Amino acid sequence: MEDFSVGSVVKGVVTGIQSYGIFVKLENDYTGLIHISEIIEKYVSDITKFAQIDENVYAEIKEIDHDNKKC
């Protein structure tokens, strides 16, 4: 079971890519969004250069909504 706490880094799988960010499926039916501004410190013009559908990624938890299972 994944330990979800603010500040922890978790592994997820990319399930969607939009112009504003990357959607990620985490363990225990949780989902998350990596906002475009959080991908790298520099300007990102093309998110697909950083992630692809079904790719494993690591992300830092910034906030948790246990009721809706979102990070």
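All figures in this text were calculated on a predicted structure; none of them were measured in a lab.

Asks: Which residues make up the environment of K11, and what are the values?
Replies: With respect to the helices and strands, K11 occurs in strand 1 (residues 9–18). Taking relative accessible area as the criterion, K11 reaches 41% and is therefore assigned partly exposed. Placed 45 residues apart in sequence, K11 and N56 show a C-alpha to C-alpha distance of 6.8 Å.

Asks: Any details on the pattern of salt bridges? Residues and values, ideally.
Replies: It is possible for side chains bearing opposite charge to pair when their charged atoms get close. According to the stated counting rule, one finds two salt bridges in the structure shown. For D29, the salt bridge goes to K25, with nearest N and O atoms at 3.9 Å. Of the residues examined, D29 reaches a relative accessible area of 57% and is grouped as exposed. Salt-bridge contacts for K62 lead to E38; the nearest nitrogen and oxygen are separated by 3.8 Å. Of this pair, K62 sits in the segment after strand 4 (56–60) while E38 is found in the loop between strand 3 (31–35) and strand 4, placing the two residues 24 residues apart along the sequence. Owing to a relative accessible area of 52%, K62 belongs among the exposed residues under this scheme.

Asks: Lay out the packing of aromatic side chains in plain terms, naming residues and giving numbers.
Replies: Summed over all chains, the structure comprises two aromatic pairs. When the centroid spacing of 4.7 Å and the interplanar angle of 40° are considered together, the rings of F4 and Y30 count as tilted. Linking F4 in the segment before strand 1 with Y30 in the loop between strand 2 (21–25) and strand 3, this pair joins segments that are 26 residues apart in sequence. Given a relative accessible area of 12%, F4 falls into the buried group. For Y30, a relative accessible area of 9% gives the class buried. With 6.0 Å between their ring centres and 85° between their planes, Y20 and F23 make a pair best called edge-to-face. Given a relative accessible area of 38%, Y20 falls into the partly exposed group.

Asks: Go over the sheet that holds strand 4, please, and point to the residues and values.
Replies: Taken in spatial order, the four strands of this open sheet run 3-2-1-4, and their pairing is antiparallel. Bordering the open sheet on either side are strand 3 and strand 4, each of which pairs with just one other strand. Across the sheet, the mean angle separating the axes of adjacent strands is 50° when strand polarity is ignored. In this structure, strand 1 lies alongside strand 2, joined through five bridges in antiparallel fashion. The residue of strand 2 that forms the bridge with V13 is K25.

Criteria and thresholds
- Residues numbered from 1 in each chain as written.
- Predicted model: local features only at pLDDT ≥ 70, side-chain atom pairs only at ≥ 80, totals over all residues.
- Heavy atoms only, no water.
- Helix = DSSP H or I, 4+ residues; strand = E, 2+ residues; numbered from the N terminus.
- Buried < 20%, exposed > 50% of the residue type's maximum accessible area, 1.4 Å probe, protein only.
- Salt bridge = Lys/Arg side-chain N within 4 Å of Asp/Glu carboxyl O.
- Phe/Tyr/Trp six-rings, centres within 6.5 Å; stacked < 30°, edge-to-face > 60°.
- Pairing = 2+ DSSP bridges.
- Axes fitted to C-alpha atoms, helices over the stretch in contact; angles between N-to-C directions.

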